[in-house]
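Structure assessment
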Amino acid sequence: EVDAHAEQDELEPVVRGRRLLALGKAADAADEPWVAARAFLAAADQARAVHDAALALEAAEAGFLADPSLPETGTLFSSLLAEHGDLGRALSVGRTALERTEDLNAGEELAVRLAGFARSAEGIDAARVLLRRALRRVDRADALGARIDVEVEAGALERAAELLTRLLVLAERPEHAA
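Numbering of residues starts from 1 in each chain and follows the order in which that chain's sequence is written. Totals for whole chains, interfaces and linings use all residues, but because this is a predicted model, local features are given only for residues with pLDDT of at least 70 and pairs of side-chain atoms are given and counted only at 80 or more. Here the side-chain values reflect all heavy atoms present in the structure, with hydrogen atoms and water set aside.

Two elements in contact, helix α8 (residues 124-134) and helix α9 (residues 141-154), have axes whose closest approach is 10 Å; the angle formed by their N-to-C orientations is 150°. When the axis of α8 is compared with that of α9, the two are roughly antiparallel. The hand of the α8/α9 crossing is left-handed. The segment α8 lies against α9, with I124, A127, R128, L131, R132 and A134 engaging A143, A146, R147, V150, E151, E153 and A154. Here an angle of 0 to 180 degrees is reported between the N-to-C directions of two axes, which are lines fitted to C-alpha atoms, with helices fitted over the stretch in contact. A helix here means a DSSP run of H or I that spans at least four residues, while a strand means a run of E at least two residues long, and both kinds are numbered starting from the N terminus. Angle categories are assigned with fixed cut-offs, so that under 35 degrees is roughly parallel, over 145 is roughly antiparallel, 65 to 115 is roughly perpendicular, and the rest are oblique. Note on convention: the crossing is left-handed when the near helix lies turned anticlockwise from the far helix by less than a right angle, right-handed when the turn is clockwise. In this description, contact between two residues means that some pair of their heavy atoms is separated by no more than 4.5 Å.

With that out of the way, let us pick up the packing of helix α5 (residues 71-83) against helix α6 (residues 87-100). The geometry of α5 relative to α6 is characterised by a closest axis approach of 8 Å and an angle of 160° between their N-to-C directions. Put simply, α5 runs roughly antiparallel to α6. For the pair α5 and α6, the sense of crossing is left-handed. Facing α5, whose interface residues are P71, G74, T75, F77, S78, L81 and A82, α6 presents L87, R89, A90, V93, G94, A97 and R100.

Right, let's get into the side chain of R128. By the element assignment, R128 lies in helix α8. Take R128: its relative accessible area is 11%, and that puts it in the buried class. Think of a polar contact as two N or O atoms within 3.5 Å of one another; within protein, one of them needs to be a possible hydrogen donor and the other a possible acceptor, and neighboring residues in sequence only count if both atoms come from side chains. One polar contact links R128 to D125, side chain to side chain, over a distance of 3.0 Å. Not counting residues up to four positions away in its chain, the partners in contact with R128 are R147, V150, E151, A154 and R159. Each residue is placed in one exposure class: buried if its accessible area under a 1.4 Å probe, protein chains only, is under 20% of its type's maximum, exposed if it is over 50%, and partly exposed if it falls in between.

With that settled, the discussion passes to α5. Compared with an ideal rise of 1.5 Å per residue, which puts 13 residues at 18 Å, α5 spans 18 Å between its outermost C-alpha atoms and is within 8% of the ideal. Across the 13 residues of α5, ten count as buried, placing the element largely inside the fold. When α5 is considered as a whole, its buried residues turn out to be P71, T73, G74, L76, F77, S78, S79, L80, L81 and A82. Buried residues along α5 sit in contact with α3 (33-49), α4 (53-66), α6 and α7 (104-121). Of the residues one or two after α5, G85 is the one with positive phi, at around 85°. In this analysis, the expected span of each helix is defined as 1.5 Å times one less than the number of residues it contains.

From the geometry alone we can't say anything about function, so treat these as descriptive.
Spelled out as structure tokens, the structure:
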């Protein structure tokens, strides 16, 4: 009955977000982490849709705490922490999500995003590690471009040139041609 209450069509998005947050809290109290995490994720999405950053962050954190094994909770919470300037915590949460991500493409995309946070918060070497992880399986334009920037900043121009060659080869493939 609580979830039907939260999903009424005529509800304003802010009200729906708050009701989903309440549903998440109720599910968490009932020791239902799967339900709680998804309700909190939905509440965060509603809050983001109406630009309520505080509610989005609260809901995302609650989702992560309810079920940190669900990669989506960590990915969202990490992104919101970074938007709020807390890069250190964003990296910690994001790395947890990265370890739990089973979808290879999603994991690689997250690694590239985290590399940007790491570059600002921890330095080039931390960013390089995450970008190498993103490139382990296949070459990705986003990861190669970011890695080229890192290598240029580090003064490793020969390595940057090698990566640029890989990026150019990738760009010539039919599936990547514009």
